[in-house]
Amino acid sequence: DAGVIQSPRHEVTEMGQEVTLRCKPISGHDYLFWYRQTMMRGLELLIYFNNNVPIDDSGMPEDRFSAKMPNASFSTLKIQPSEPRDSAVYFCASSLDTGWNYEQYFGPGTRLTVT
Amino acid sequence: GQQVMQIPQYQHVQEGEDFTTYCNSSTTLSNIQWYKQRPGGHPVFLIQLVKSGEVKKQKRLTFQFGEAKKNSSLHITATQTTDVGTYFCAGPWAGTYKYIFGTGTRLKVLA
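In this report, the structure presented in the accompanying data block is examined. The residue numbering used here restarts from 1 in each chain and proceeds along that chain's sequence as written. Whichever chain is written first becomes A and whichever ligand is written first becomes 1, with later ones labelled in order. With the structure being a predicted model, the display of local features is reserved for residues of pLDDT at least 70 and the display and counting of side-chain atom pairs for 80 or more, all residues being used for whole-chain, interface and lining totals. Heavy atoms throughout the structure, all of them, feed into the side-chain values; hydrogens and water do not.

Describing the state of the cysteines
For clarity, the threshold we go by: The term disulfide is used for any two cysteine sulfur atoms that are within 2.5 Å. Numbering of helices and strands runs from the N terminus, with a helix taken as a DSSP run of H or I at least four residues long and a strand as a DSSP run of E at least two residues long. Think of it in three bands: with a 1.4 Å probe and only protein chains considered, a residue is buried below 20% of the maximum accessible area for its type, exposed above 50%, and partly exposed in between.
Per the stated rule, a full pass over the model turns up two disulfides over all chains. Linked covalently through their sulfurs, A:C23 and A:C92 form a disulfide whose S-S length is 1.9 Å. Judged by the sign of its S-S torsion, about -65°, the cystine formed by A:C23 and A:C92 is left-handed. Pair noted here: A:C23 is in strand β3 (residues 19-24) and A:C92 is in strand β9 (residues 88-95), with a separation of 69 residues, a long-range link. Across the pair, exposure class does not vary: A:C23 and A:C92 are buried alike. Across a sulfur-sulfur distance of 2.0 Å, B:C23 and B:C89 are joined as a disulfide pair. One quick way to see it: the torsion about the S-S bond of B:C23 and B:C89 is about 80°, and its sign makes the bridge right-handed. Placement of B:C23 in strand β3 (residues 19-25) and of B:C89 in strand β9 (residues 85-92) is noted, with a sequence separation of 66 residues between them. Exposure remark for B:C89: the relative accessible area of 0% places this residue in the buried category.

Quick look at the structure:
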């Protein structure tokens, strides 16, 4: 199993540019989560999907952030326009609802730097 | 909203010493998870606890869920340099799949 795949692994962009982060969850998993990690704020849940449907996006910082999951094997997190304070590591995670175990499998993350 | 706090924030130990991190939730949890994140890496699931007062062991790691299901602890016996990393607890918010991660405890092991 390839695990959760994220791309790109590193992204450096200038303020005002659009940034798109990509995630491929583990095949068969029905939950997908987007997290942001910074030193100041720790690991924050931005949004999560169940069977491709957004369930809770209350963690999305503002309208500049949007996330989609067009099918079970692909999700994107878009920031437009990007700002320096968006610099962080963004993790995608997926899990399978077994009814008793809710283990999340994290991808390697995308380190975003906005200058 | 729900908060999950961990103490200590940092811990430096000599190799071979024991280590404990504590996790406290502002609300009762249906379950609690523990993750480990190596420097530069991503969080990796360690364990999930469900029952009140539950204790689980994984080799040198002992996990405990409090009787009131609002706190938990992770104890490492005889730390090794491979234990270096940040340990997070995480609890579901109001019975949803939205897991709130704790503030983390960063462990450094001095050889």
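The rest of the description comes next.
Concerning the sheet that holds strand β1 (residues 5-7) of chain A
All names here are of chain A. Our working definition: Two strands pair under a simple rule: DSSP has to find at least two bridges between them. Between the N-to-C directions of two axes lies an angle of 0 to 180 degrees, each axis being a line fitted to C-alpha atoms and, for a helix, fitted only over the stretch in contact.
Strands sit in the order β1-β3-β8-β7 across an open sheet of four strands; the sheet is antiparallel. Of all strands in the sheet, those bounded by a partner on one side alone are β1 and β7 (65-71). Strand-to-strand twist across the sheet, computed as the mean angle between neighbouring axes with direction ignored, equals 15°. Two strands pair when backbone bridges link them, and β3 and strand β8 (residues 74-79) are joined in this way by five bridges, in the antiparallel orientation. Within β8, the position partnered with T20 by the bridge is K78.

Notes on the interface of chain B and chain A
Under the convention used in this document: In what follows, residue pairs with any heavy atoms lying within 4.5 Å of each other are defined as contacts. What counts as buried area is the accessible surface, traced by a 1.4 Å probe, that two parts surrender upon association, with contributions from both included. For salt bridges, the criterion is a side-chain nitrogen of Lys or Arg within 4 Å of an Asp or Glu carboxyl oxygen. Polar contacts here mean pairs of N or O atoms no more than 3.5 Å apart (in protein, one a potential hydrogen donor and the other a potential acceptor; neighbouring residues in sequence count only if both atoms are side-chain atoms).
Contact with chain B, which involves 16 residues of that partner, is made by 20 residues of chain A. Carbon and sulfur atoms supply 56% of the area buried between chain B and chain A, which totals about 1700 Å² over both sides. Considering only the surface of chain B that becomes buried against chain A, B:Y97, B:K98 and B:F101 emerge as the three largest contributors, covering 39% of it. Scanning the region where chain B abuts chain A turns up one salt bridge. A:D56 serves as the salt-bridge partner of B:K98, at 3.7 Å between the closest nitrogen and oxygen. Counting across the interface, chain B meets chain A through six residue pairs in polar contact (both at pLDDT 80 or more). Per element, the largest residue contribution to the side of chain B that touches chain A is three residues, and it comes from strand β4 (residues 32-37) of chain B.

Regarding the pattern of salt bridges
Two side chains of opposite charge can pair, provided their charged atoms sit close to one another. Residues and elements named next belong to chain A. Counted under the stated rule, the structure contains 11 salt bridges over all chains. For the salt bridge of E18 with K78, the shortest nitrogen-to-oxygen distance reads 3.9 Å. In this pair, E18 is assigned in the loop between β2 (10-13) and β3 and K78 in strand β8, connecting sequence segments 60 residues apart. Using a relative accessible area of 45% as the deciding quantity, one classes E18 as partly exposed. Notably, a salt bridge pairs E83 with R85, separated by 2.6 Å at the nearest N-O pair. One salt-bridge network, in which partners are shared between bridges, spans E62, R64, E83, R85 and D86.

Looking at the environment of A:E44
All names here are of chain A. As for its position among the elements, E44 is in strand β5 (residues 42-50). With a relative accessible area of 16%, E44 lands in the buried category. Separated by 39 residues in the primary sequence, E44 and I5 place their C-alpha atoms 19 Å from one another. Not counting the four nearest positions on each side in its chain, E44 is found in contact with W34, Y35 and R36. In terms of polar contacts, E44 uses its side chain to reach the side chain of R41, at 2.8 Å.

Focus: the sheet that holds β3(B)
All names here are of chain B. Taken together, five strands build an open sheet; the order of strands is β1-β3-β8-β7-β6 and the sheet is antiparallel. Across the chains shown, the open sheet's two edge strands, defined by having one partner strand only, are β1 (4-7) and β6 (55-58). Each neighbouring strand pair of the sheet contributes to a mean axis angle of 15°, computed without reference to strand direction. Summarising the sheet, β3 and strand β8 (residues 71-76) pair through six bridges and their orientation is antiparallel. Along β8, the bridge assignment pairs C23 with S72.

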